[in-house]
Amino acid sequence: MRCRTVWEPSGQECITDVGSAAGGKGEYPSPAAMMAAAVASCMLSMIAWTGNHKGFETRGVHIAAGYETDDKGAITALTFDVSVPVPTSPANRRMMEKAAENCPVGAIIAPSVEKKITWNWSEC
């Protein structure tokens, strides 16, 4: 149940496995976990791009990604816990939220899969 994907330009490998409950060994991220991570990576890229072009700091922004399933194992939600360790203005917060919500990778996820985004803003 383990799969290996190779990114040809660099030869980098990505290995996935299904969890032990589904018959795999659970030694590597599941394809579902990788999907959540891909959306989170896109969200972070969009946040960084926006900050760079609008002139505000995004260094240290972190997203913990996960997913939820129903009793049959179908993905029902992707979860994103976004931590922003630097203080930022309300206007910049709105731009960061919009950037994350409009990431193109997240846009291709089926509408039946809810995207739950929690923002943790630094107040210091």
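Figured I'd write up the structure that's included with this text. Computed from a predicted model, the values in this text were never measured in an experiment.

### Quick word on the overall build of the protein
- The helix and strand tally for the protein stands at 3 helices and 5 strands.
- When its helices and strands are written in sequence order, the protein yields β-β-α-β-β-α-α-β.
- Across its three principal axes, the protein shows a C-alpha extent of roughly 50 × 40 × 25 Å.
- Of all 124 residues assigned to the protein, the portion counted as buried reaches 29%.
- Look at the contacts in the protein between residues 6 or more apart in sequence, and 50% of them connect residues 24 or more apart.
- For the protein, the accessible area works out to roughly 7,900 Å², and carbon and sulfur atoms hold 54% of it.

### Focus on the environment of Val6
- Among the secondary structure elements, Val6 is positioned in strand β1 (residues 3-7).
- Beyond its immediate stretch of four places on either side in the chain, Val6 contacts Gly11, Gln12 and Glu13.

### Observations concerning helix α2 (residues 90-101)
- Under the 1.5 Å per step criterion, the end-to-end length of α2 is 16 Å for 12 residues, consistent within 8% with the ideal 16 Å.
- All of the buried residues in α2 are Asn92, Arg93, Met96, Ala99 and Ala100. For α2, the buried positions fall inside an angular range of 125 degrees around the axis, keeping them on one side. Across α2 from its buried face, at more than 90 degrees, point the exposed residues Pro90, Arg94, Lys98 and Glu101.
- Contact partners of the buried residues in α2: α1 (31-54), β4 (75-84) and β5 (114-121).

### Let's talk about the sheet that holds β5
- Overall, mixed pairing links the 3 strands, which are arranged β3-β4-β5 in an open sheet. For this open sheet the edge positions go to β3 (62-69) and β5, each flanked by a neighbour on one side alone. Averaged over all pairs of adjacent strands, the angle between strand axes in this sheet comes to 15 degrees, irrespective of strand direction.
- Relative to β4, β3 runs antiparallel, the two being bridged by 8 bridges. Considered in β4, the bridge of Gly66 is made with Thr79.
- On the sheet, α1 packs against β3, β4 and β5 and is oriented at approximately 145 degrees with respect to β3.
- Here α2 sits on the sheet in contact with β4 and β5, set at roughly 155 degrees to β5.

### A word on the pattern of salt bridges
- Under the criterion given, the structure shown has 5 salt bridges.
- Ionic pairing is found between Arg4 and Glu13, a salt bridge with its closest N-O pair at 3.1 Å.
- The salt bridge involving Glu68 is made with Lys116; its shortest N-O contact spans 2.9 Å. With Glu68 in strand β3 and Lys116 in strand β5, this residue pair connects regions lying 48 residues apart in the sequence.
- Judged by relative accessible area, Glu68 falls into the partly exposed class, the value being 31%.
- Relative accessible area serves as the criterion here: at 31%, Lys116 is assigned to the partly exposed category.
- In this structure, a network of salt bridges that share partners links the residues Arg2, Asp17 and Glu27.

Rules used in this analysis
Residues numbered from 1 in each chain as written. Predicted model: local features only at pLDDT ≥ 70, side-chain atom pairs only at ≥ 80, totals over all residues. Heavy atoms only, no water. Helix = DSSP H or I, 4+ residues; strand = E, 2+ residues; numbered from the N terminus. Buried < 20%, exposed > 50% of the residue type's maximum accessible area, 1.4 Å probe, protein only. Contact = heavy atoms within 4.5 Å. Areas by Shrake-Rupley, 256 points an atom, 1.4 Å probe, with all protein chains shown as cover. Expected span 1.5 Å × (residues − 1). Arc of directions from axis to C-beta. Pairing = 2+ DSSP bridges. Axes fitted to C-alpha atoms, helices over the stretch in contact; angles between N-to-C directions. Salt bridge = Lys/Arg side-chain N within 4 Å of Asp/Glu carboxyl O.

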